[in-house]
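What follows is the residue order along each chain.
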Amino acid sequence: MILIADCGSTKTDWVLCDGDNIIARTRTQGLNPTHQESEEIFAILSAELPKEFISNNPGKIYFYGAGCAYETANNRMRVALENIFDTKDIEINSDLLAAARALCKHEEGIACILGTGSNSCLFDGEKIIENTPSLGYILGDEGSGAHLGRQLLSDCLKKQLPKKICDLFFEQYDLNVATILEQTYHSSLPNRWLASFTPFLSEHKKTPEISTMLKQCFKQFFQRNTMTYRRSWLPIHIIGNIGIHFSEEIKETAESLGLSIGNIVDSPMEGLIEYHKQNR
């Protein structure tokens, strides 16, 4: 029996599999060992994971997570998981490898994540051979929900968008300058807070100024991330809710840069289940 976890900053999907059979599915809040200590992760999992996931005692755990790209962060996640589950056979990988395995299977391609955060890699069909570092919501994360939300806030505060749009946005989310600065610089997970404004952008994406803003953000993502691989002929596959909600803007931006978009899916989980079935 194996347990597969696909973890982002906003949500974590868990699937318990026995051979070809799916025993149970559940969802908990997002986790990120770059920002959270083992004790906090353990407390969240203890409170939110259904008992059947623990009592079934999976023989192997495949955990794919945001922030799980470096040894220090991976060790935090491993400690938390070992305190929850009986098994020590735990494979911790980045959410980027999850995207590559789910999207490309054993084919060469460029795999991208466009969710709360963003990332990309060049995948040779077996492993990631090149990765432009994401750098997080302060130094990078172009095209992500956090980036879009940050740009929306900045453009409204600096009067770069129509007044009626800005007024509607501030009223809908009950925002003022003081609240925005406090949440951005002093909340525990500001990237998640910034990304929470993407529904507003989705609702108003046909507004010319919003459309232009979105395409500028996605252009930055392609130019500063996928185009550095110098494989313009390869399809660019995308996983994440930003890819789903803004697929039209993403495709138009890619086309303007001479790039080709492949699959756009909301979650890698179904692809991961299939991948691990094939690789038992």
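Note that residues are indexed from 1 along each chain, following the sequence as it is written. Whole-chain, interface and lining totals are the exception, using all residues; otherwise, since this is a predicted model, local features are given only for residues with pLDDT of at least 70 and side-chain atom pairs are given and counted only at 80 or more. Side-chain calculation: all heavy atoms of the structure are included, whereas hydrogens and water are not.

Draft legend 1. Region of the structure containing the sheet that holds strand E10 (residues 261-265). If you trace the five strands from one edge of the open sheet to the other, you get E8-E7-E6-E9-E10, paired in mixed fashion. Each edge of the sheet is formed by a strand with only one pairing partner; in this case those strands are strand E8 (128-130) and E10. For this sheet the average axis-to-axis angle between neighbouring strands, irrespective of direction, equals 35 degrees. Two strands pair when backbone bridges link them, and strand E6 (residues 109-114) and strand E9 (residues 236-239) are joined in this way by four bridges, in the parallel orientation. Pairing between strands requires that DSSP locate at least two bridges from one strand to the other. Helix and strand definitions here come from DSSP, where helices need a minimum of 4 consecutive H or I residues and strands a minimum of 2 consecutive E residues; each element is numbered from the N-terminal end. To define axes, lines are fitted to C-alpha atoms, for helices over the stretch in contact only, and angles between the resulting N-to-C directions are given on a 0 to 180 degree scale.

Draft legend 2. Summary view of the pattern of salt bridges. A carboxyl oxygen of Asp or Glu within 4 Å of a side-chain nitrogen of Lys or Arg is what we treat as a salt bridge. Overall, the coordinates contain 13 salt bridges when judged by the stated rule. Salt-bridge contacts for Glu 37 lead to Arg 76; the nearest nitrogen and oxygen are separated by 3.5 Å. Placement of the pair is Glu 37 in the loop between strand E3 (21-29) and helix H1 (38-48) and Arg 76 in helix H3 (residues 71-84), with a sequence separation of 39 residues. What makes Arg 76 partly exposed here is its relative accessible area of 22%. Where salt bridges share partners, they join Lys 60, Asp 89, Glu 91 and Arg 101 into one cluster. Think of it in three bands: with a 1.4 Å probe and only protein chains considered, a residue is buried below 20% of the maximum accessible area for its type, exposed above 50%, and partly exposed in between.

Draft legend 3. Focus on the packing of helix H6 (residues 145-157) against helix H7 (residues 163-172). Between H6 and H7, the least distance of the axes is 10 Å, while the angle of their chain directions is 120 degrees. Classified by the angle their axes make, H6 and H7 are oblique. Here the hand of the crossing between H6 and H7 comes out left-handed. Taken together, the residues of H7 that come into contact with H6 (itself represented by Leu 152, Leu 153, Cys 156 and Leu 157) are Cys 166, Phe 169 and Phe 170. Class assignment of the residues belonging to the contact of H6 with H7 gives a composition of seven nonpolar, no polar and no charged. Should an angle fall under 35 degrees it is called roughly parallel, over 145 degrees roughly antiparallel, and 65 to 115 degrees roughly perpendicular, with every other angle called oblique. It is the rotation of the near helix from the far one that decides the hand of a crossing: anticlockwise by less than a right angle makes it left-handed, clockwise makes it right-handed. Any two residues whose heavy atoms approach within 4.5 Å are treated as being in contact. The classification used treats Ala, Val, Leu, Ile, Met, Phe, Trp, Tyr, Cys and Pro as nonpolar, Asp, Glu, Lys and Arg as charged, and all other residues, Gly among them, as polar.

Draft legend 4. Inspection of the pairing of E9 at higher detail. Here E9 shows no split at all, with Ile 236 and Ile 238 on one side and His 237 and Ile 239 on the other all buried. In terms of strand pairing, E9 meets E10 through three bridges, oriented parallel. Looking at E10, one finds that Ile 238 is bridged to Ile 264.

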